[in-house]
Structure formats: structure tokens, C-alpha cells
Amino acid sequence: MDKIFAYISQNQDSYIKRLAEVVAIPSVSGDAKHRQDVVRMGEWLVQEMTRLNVSTKIHHPGKQVLDGVELDLPPVVLGTYGTDPAKRTVLVYGHYDVQPALKSDGWTHDPFTLVEDEQGRLFGRGSTDDKAPIISWLWVIEAHQKLNIDLPVNIKMCFEGMEESGSEGLDDIIYKEAKDYFATVDCVCISDNYWLGTKKPCVTYGLRGISYFTLEISGPGRDLHSGVFGGTVHEPMTDLVYLMSKLVSPNGKILIPGIYDEVAPVTDDEHKLYTDLDFSVKDIHQAIDATNTIHENKQDILMHRWRFPTLSLHGIEGAFYGAGAKTVIPAKVIGKFSIRSVPNQKPETIKALVTSFIQQEFAKLNSKNKITITELSAGPAWVADVKHYNFRAASKAIETVFGITPDYTREGGSIPVTLTFQEALGKNVLLLPMGRADDGAHSINEKIDRSNYIEGIKLLTSYLHEISHAQ
Ligand code: BES
Ligand code: ZN
């Protein structure tokens, strides 16, 4: 291991150069204008995988309509490195698409040019989420080849370009390949999350699910002048704002009756888990650049992030949002909100409760407007069995690289495919993060620290070696 670690340290500038190359490809899956860039990013991976003798199989998941344009979904890139039946096979997953980013959002530099500051922070969209982690799997293979060291496991890869947009088309492919391309997989590792704080590595065993809704209210056949029609028509926006205000209280409690009924009760053992974690209220204040947290202690904060459902209001399509005073009555508005769900909540129950509550509240308004509630996407929460060798291997690897015993964490975010792998393949899934809590994924000035990237490549290396013999 020392030889490989030394090689990785010596080659850090070449890893950073190649991270800069991929950050320069603006693979924004949620923007039709960037679809070709997402495809180009997939091709970059195929080219690198081919150079490293990884055999590839490309799936084209079909089409989608985005901003009124019909587009091909980006390719799902599968890879196989090694087929020795005497070795274990690890499936690694990651996504090569990124969130949108504009300099005008408040970035200090161009988001698609990797810039390193004097503290060794590498800024760029996708640096931590999820480009450094996915390419690192390739650098592990490369290091073994350069040093002529045999990899003690077979690797299967699954890289997609739609994760930030709900992983459209991926579930079908996984189910289709479960008994075929993925038949030999023994366990799954995903590096697509972050340490709980900024100093201590962790392994992650749970994620929340997400149910995303739109609430459309329409009335007049066209936008109207408020001076002429205000007070004479049922205004869609007034109905919508009223309904959205009924969903969640300002202190974060979901107001939909019955929504907490299915939530698995918190056990005494679980309570203890939260006290020892390397996390403080200060960490969260740092992460949000403010102090307006609802809860006062770390247990409550983490419980509400990992363990309880939450409802967030995201936006209103069709509402006037420009500068200045426009006296319009919008004819149609679409409210957007999502519920992050936890074990044992079922998306079907959530949908039924949300729909009937909103309809009931709407009926009270006696409004002549039309209402449509749509569940755009939904996936349940995921929790893994931490008593599996996959987790022991990851913990050992963290001890080897960082010299400390990791925290076991959950996350409040969602990676829909995590549960799909667990269920379709029937194998243990583990999250092994590279980046830190303050990386700013999805935000302005997203970064990964040079040390997290380079030590992260060592971590993935060590993990694969541990997997080969973990009990
Ligand atoms: N890397 C994140 C998942 C994540 C978020 C892990 C926060 C840990 C903490 C991933 O790229 C992501 O943002 N997922 C989306 C999924 C959604 C579009 C279905 C999310 O959580 O909003
Ligand atoms: Zn991600």
C-alpha cells in the first residue's frame, strides 16, 4: 500500500489537471442547452476507461422533454475491469452531470474553470459533486497499472448523467442488467456525499427519500391588469400562496395530517448514536453563512436532517419576479415543493395524504379556479445494514489512510439509485464520501480540497484492497 500511496502523492498535479479538464465540461443535466456537454462528459469517461482497458457498455435510456424540447437522455456508461471469479466484485456508481452554475449567481471565478486558492481549495462546479470522486476510481486503476500491482478485486462501474435531474431512465437499466451485467456484483460503493464536518471522515449508511410535487392553479384565460380585475376574479396566486402556507409551519413542522404516522420511532440506542458524532452547531452555522437555525443542539439538528421528514417550498413558476412594480394578475401559477421522507414512509402514502389535504383545503376556498396536483418524482429513504463486510472494509480503509475511526453517518439528501441497487441486486450498498461538509455542493463556489481529493484516491484504493479479504 505504501508504494501506491507514494505514487498517488507524487502524481497529484496530474490528477488535478484532469479534474480541471472535466470541470471545464459544463455537463448540466437540467438545462437543454447543455445536453451536448453532458454527452461529451460521458464520452470523456468512455475514452479514459478504454485507455485503462476497462471494457465499456453504453446504454441509451431514451428521450425526455425539457423546456419544451425533446432530447436524448445522456448515456449510462457501464464498465468492467477484471473478471476473475476468484476475486470479489465491487460495483461503483457515480454521476457525471452537475447542477447549473452562473458566474452571476455570485461565484468568485468562472464556475467551469478549476481554480486553486492558497489553502489548496479547488473551486469549480462539480469538483466535489461528483466529478472528483468518479474520476478517482479510474486513477486507482491507473496507479495499479503503472506500478504493475494486481488489483485484488474486480470492478464494475455505473456512471450516469442524469442524477441531478432525478436519474431518469436509470432504474429500468439496473433492473434489466441485475441478472446479467451486474450478476457477479458482491457489494456496492457510492462516493457522492460529504463528511459530516470538515475534519473527520465518515461512512454513510442512510439517505432520505424524496417526493417532489407541483401544485398548479389556473383561472383567467390570460394575465390580467390588477387595477381592472383585482377583486373581481379568483386570483390563482392568492389561492396558491394560501395553500402553500398550509403545508409547513415556519418552524419546520409539516402540517399535513397523518404525515408523521408512518415514521419509524426513534429507539434509545439511536439517541446515543447522535451524541458522539464529530459535529457542532457551529459547523452548520458555517455551512449556511448565518445563525438562523431552528434547533439549538446538534442532536436535534441532525435528527431533523436525517431522521424526520421535512417539507421545503422551492418556487412558483409563472409568478412575477422581475425588478420593479408590475401590476399583473398571473393567469396560471405552479407552486413547487418536496418532502424528504424517512423510514418507513411510503411514497404512495405521502402522495395520497398530500393530495387529499390540498384538495380539502382548496375546497374551503370556494374558488372557481382549477387545481392540479402532480407528483413529479418519488423515491423512498434508504438505510443499509452496517454489520456487513462492506462497512468494515471502508472503516479499515479510513483507519489506514487517516489514522482515525470514522463516524457512521446518515444524510438528509437523496440518491435515488442507492435503494435501487440494494433492491435490484440484493447486495449491500455503502456511501464513502471524499469531500467535506463545507464543499458547497449545489451552491456558489463549490470546491473540493486538494487533500480530500488526493487522500480520497488513496481511500478508494485502500477500500478496494480491504474488500478483497474483509470478513
Ligand atoms: N450528492 C447529492 C446527494 C447528497 C446531498 C448527499 C446531500 C449528501 C448530502 C446528489 O447529487 C443530489 O443532490 N441529489 C438530489 C437527488 C434528487 C434530484 C432526486 C437531491 O438530494 O436533491
Ligand atoms: Zn451528487
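Structure first, text after, so check above.
Residues numbered from 1 in each chain as written. Chains lettered and ligands numbered in written order. Predicted model: local features only at pLDDT ≥ 70, side-chain atom pairs only at ≥ 80, totals over all residues. Heavy atoms only, no water.

Caption draft 1: Spotlight on unusual backbone geometry. The residue after D129, namely D130, is reached through a cis peptide bond having omega 10 degrees. Structurally, D130 can be placed in helix α4 (residues 127-147). Positive phi outside glycine occurs at D67, with the angle close to 50 degrees. Within the secondary structure layout, D67 lies in the loop between β2 (63-66) and β3 (69-72). A positive phi angle is found at N366, which is not glycine, with a value near 50 degrees. (Helix = DSSP H or I, 4+ residues; strand = E, 2+ residues; numbered from the N terminus.)

Caption draft 2: Focus on the pattern of salt bridges. All told, the structure shown has 25 salt bridges when counted by the stated rule. Among the ionic pairs, E116 bridges to R450, the shortest N-O distance being 2.8 Å. Here E116 is found in strand β6 (residues 115-116), whereas its partner R450 is found in helix α14 (residues 450-469), with 334 residues between them in sequence. For E116, a relative accessible area of 36% gives the class partly exposed. Residue classification places R450 among the partly exposed positions, given a relative accessible area of 21%. With its nearest N and O atoms 3.0 Å apart, the salt bridge here joins D407 to K200. In this pair, D407 is assigned in strand β18 (residues 407-411) and K200 in the loop between β9 (187-190) and β10 (202-207), connecting sequence segments 207 residues apart. (Salt bridge = Lys/Arg side-chain N within 4 Å of Asp/Glu carboxyl O. Buried < 20%, exposed > 50% of the residue type's maximum accessible area, 1.4 Å probe, protein only.)

Caption draft 3: Structural context of the site of ligand 1. Residues in close proximity to ligand 1 total 15 residues, the closest being E163, D192, R340, S414 and H442. In the model, an oxygen atom of ligand 1 is placed 2.7 Å from a nitrogen or oxygen of the E163 side chain. Between an oxygen atom of ligand 1 and a side-chain N or O atom of E164, the distance comes to 3.1 Å. Relative to its free-state accessible area of 510 Å², ligand 1 is covered by the protein chains to the extent of 84%. Here the residues of the shell around ligand 1 are counted per class, giving four nonpolar, five polar and six charged. (Near = heavy atom within 4 Å. Polar contact = N/O pair within 3.5 Å; in protein donor to acceptor, adjacent residues only side chain to side chain. Areas by Shrake-Rupley, 256 points an atom, 1.4 Å probe, with all protein chains shown as cover. Nonpolar A, V, L, I, M, F, W, Y, C, P; charged D, E, K, R; others polar.)

Caption draft 4: Spotlight on the nonpolar core. F421, Y453 and Y463 are the most contacted members of the largest nonpolar core, which has 87 residues in total. Ranked by residues supplied to this core, first place goes to α4 with 10 residues. Among residues more than four places away in sequence, those in contact with F421 are L91, Y93, C158, I174, F182, V188, I190, G426, K427 and V429. Ranked by size, the runner-up nonpolar core spans 21 residues in total, among them F213, I217, L240 and I259. (Core = buried A, V, L, I, M, F, W, Y, C linked by side-chain atoms within 4.5 Å. Contact = heavy atoms within 4.5 Å.)

Caption draft 5: Up close: the sheet that holds strand β7 (residues 121-123). Strands sit in the order β6-β7-β20 across an open sheet of three strands; the sheet is antiparallel. Each having just a single partner strand, β6 and β20 (447-449) make up the two edges of the open sheet. Examined bridge by bridge, β6 and β7 share two bridges and lie antiparallel to one another. Counterpart to E116 in the pairing with β7 is L122. (Pairing = 2+ DSSP bridges.)

Caption draft 6: Structural context of the sheet that holds strand β16 (residues 370-379). Spatially, β13-β15-β11-β16 is the arrangement adopted by the four strands of the open sheet, whose pairing is antiparallel. Looking at which strands have only one partner, the edges of the open sheet turn out to be β13 (310-317) and β16. Neighbour to neighbour, the strand axes of the sheet diverge by 20 degrees on average, direction disregarded. Packed onto the sheet, helix α11 (residues 347-364) meets β11 (209-218), β15 (332-341) and β16 and runs at close to 165 degrees relative to β16. (Axes fitted to C-alpha atoms, helices over the stretch in contact; angles between N-to-C directions.)

Caption draft 7: Just the packing of aromatic side chains, in detail. This structure, assessed with the given rule, holds 10 aromatic pairs. Arranged with centres 6.5 Å apart and planes meeting at 80 degrees, the rings of W44 and W139 form a pair that is edge-to-face. Highlighted residues: W44 in helix α3 (residues 35-51) and W139 in helix α4, separated in sequence by 95 residues. Measuring from ring centre to ring centre gives 5.8 Å for W195 and F402, while their planes differ by 85 degrees; the resulting arrangement is edge-to-face. Here F402 lies in helix α12 (residues 389-402) and W195 lies in the loop between β9 and β10, a separation of 207 residues in the sequence. Counting every residue linked through ring pairs, the aromatic cluster contains Y93, Y181, F182 and F421. The ring of W139 has R18 lying over it, and the distance from NZ or CZ to the ring centre is 3.9 Å. Seen from the ring of Y389, R88 lies directly overhead, with NZ or CZ sitting 3.7 Å from the centre. (Phe/Tyr/Trp six-rings, centres within 6.5 Å; stacked < 30°, edge-to-face > 60°. Lys NZ or Arg CZ within 6 Å of the ring centre and 35° of its normal.)

Caption draft 8: Expanded view of the coordination of the zinc ion (ligand 2). Around the zinc ion (ligand 2), the protein contributes the donor atoms H95 (NE2), D129 (OD) and D192 (OD), which lie 1.8 to 2.2 Å from the metal centre. Taken in chain order, the donor set of the zinc ion (ligand 2) reads H-x33-D-x62-D. Of this pair, D129 sits in helix α4 while D192 is found in the loop between β9 and β10, placing the two residues 63 residues apart along the sequence. Of the two residues, D129 and D192, both sit in the buried class. (Donors = N, O, S within 2.8 Å, 3.2 Å for Na, K, Ca; no water.)

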